[in-house]
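Chain and residue survey
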Amino acid sequence: MEYKQIATYDNYLLANMTLGMLQENEIDCHLKDEYIVTVDPLLNPAVGGIKLMVSAHDFPAAGVLITEAENEYLKEIPCPFCKSCSLVVEEKTDRPDSFWGRMKNLVAYGQEELHQKYYRCQGCGGKVDEIPSSL
Ligand SMILES: [Zn+2]
């Protein structure tokens, strides 16, 4: 069975919550590098966070579930700047055109493409890197 990385997490709790949610929906998935991050958070940037791996077969369904769950969760989270509950997910993929650009990412991060994920407040336009944890 082939597995693909669907998301990365700096936050151990969030990674496990998402994993549990997917497993409840009978998605075949697991966490990778969880152990390293948990033992030593300082190593986190080096390994690129906790990786959520989903079987290629369940990948599209998992993507839908994650987005739904996240948007649901975001409705409850006030913006750290203006306190309005209007955060939305924004994603950016950096895939360099040049061979050397991709090689650089591969060497530095272990993958050719860099996915960036953050949250944007529709109220004040502020950018939030990580969901303010209310767990
Ligand atoms: Zn705001």
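Structure shown above.
Residues numbered from 1 in each chain as written. Predicted model: local features only at pLDDT ≥ 70, side-chain atom pairs only at ≥ 80, totals over all residues. Heavy atoms only, no water.

Some words on the side chain of aspartate 58
Looking at the element boundaries, aspartate 58 is found in the loop between strand S3 (50-55) and helix H4 (59-74). We note that aspartate 58 is buried and unpaired, the nearest opposite charge coming from lysine 4 at a distance of 12 Å. Within the local environment of aspartate 58, its side chain forms a polar contact with the backbone nitrogen of aspartate 28, the two atoms lying 2.9 Å apart. Once residues within four sequence positions are removed from consideration, aspartate 58 is found in contact with Glu26, Ile27 and Asp28. (Helix = DSSP H or I, 4+ residues; strand = E, 2+ residues; numbered from the N terminus. Buried < 20%, exposed > 50% of the residue type's maximum accessible area, 1.4 Å probe, protein only. Lys, Arg positive; Asp, Glu negative; His and termini not counted. Salt bridge = Lys/Arg side-chain N within 4 Å of Asp/Glu carboxyl O. Polar contact = N/O pair within 3.5 Å; in protein donor to acceptor, adjacent residues only side chain to side chain. Contact = heavy atoms within 4.5 Å.)

Some remarks on the coordination of the zinc ion
Distances from the zinc ion to its protein donors, namely Cys79 (SG), Cys82 (SG), Cys121 (SG) and Cys124 (SG), fall within the range 2.3 Å. Because the angles between the 4 donor atoms bound to the zinc ion fall within 107 to 112°, the donor set is best described as tetrahedral. For the zinc ion, all donor residues lie on one chain, and their spacing in sequence is C-x2-C-x38-C-x2-C. Taken together, the positions of cysteine 82 in the loop between H4 and strand S4 (87-94) and cysteine 121 in strand S5 (residues 114-121) put the pair 39 residues apart, joining distant regions of the chain. (Donors = N, O, S within 2.8 Å, 3.2 Å for Na, K, Ca; no water. Tetrahedral: all angles 85-135°; square planar, octahedral: opposite > 155°, others 65-115°.)

Here's the deal with the environment of arginine 120
By the element assignment, arginine 120 lies in strand S5. For arginine 120, a relative accessible area of 26% puts it in the partly exposed group. For the pair arginine 120 and glutamate 90, spaced 30 residues apart in sequence, the C-alpha to C-alpha distance is 6.5 Å. Side-chain polar atoms of arginine 120 contact the backbone oxygen of glycine 125, separated by 3.2 Å.

Things to note about unusual backbone geometry
Of note, the phi angle at glutamate 26 is positive, near 60°, even though the residue is not glycine. The topology assignment puts glutamate 26 in the loop between helix H1 (12-24) and strand S2 (29-32). Judged by its relative accessible area of 71%, glutamate 26 is exposed. The backbone of lysine 83 shows a phi angle near 70°, a positive value even though the residue is not glycine. The class of lysine 83 is exposed, set by a relative accessible area of 58%.

Focus: the pattern of salt bridges
Under the criterion given, the structure shown has 8 salt bridges. Notably, a salt bridge pairs arginine 95 with glutamate 113, separated by 3.5 Å at the nearest N-O pair. Of this pair, arginine 95 sits in the loop between S4 and helix H5 (99-109) while glutamate 113 sits in the loop between H5 and S5; the two residues are 18 residues apart in sequence, bridging distant segments of the chain. The exposure class of arginine 95 is partly exposed, given its relative accessible area of 43%. The class for glutamate 113 is partly exposed, based on a relative accessible area of 27%. A salt bridge links arginine 102 to glutamate 112; its shortest N-O distance comes to 3.7 Å. Taken together, the residues span a long stretch of sequence, with arginine 102 in helix H5 and glutamate 112 in the loop between H5 and S5 at a distance of 10 residues. Judged by relative accessible area, which is 21%, arginine 102 ranks as partly exposed. One network of salt bridges, with partners in common, ties together Arg95, Arg102, Glu112 and Glu113.

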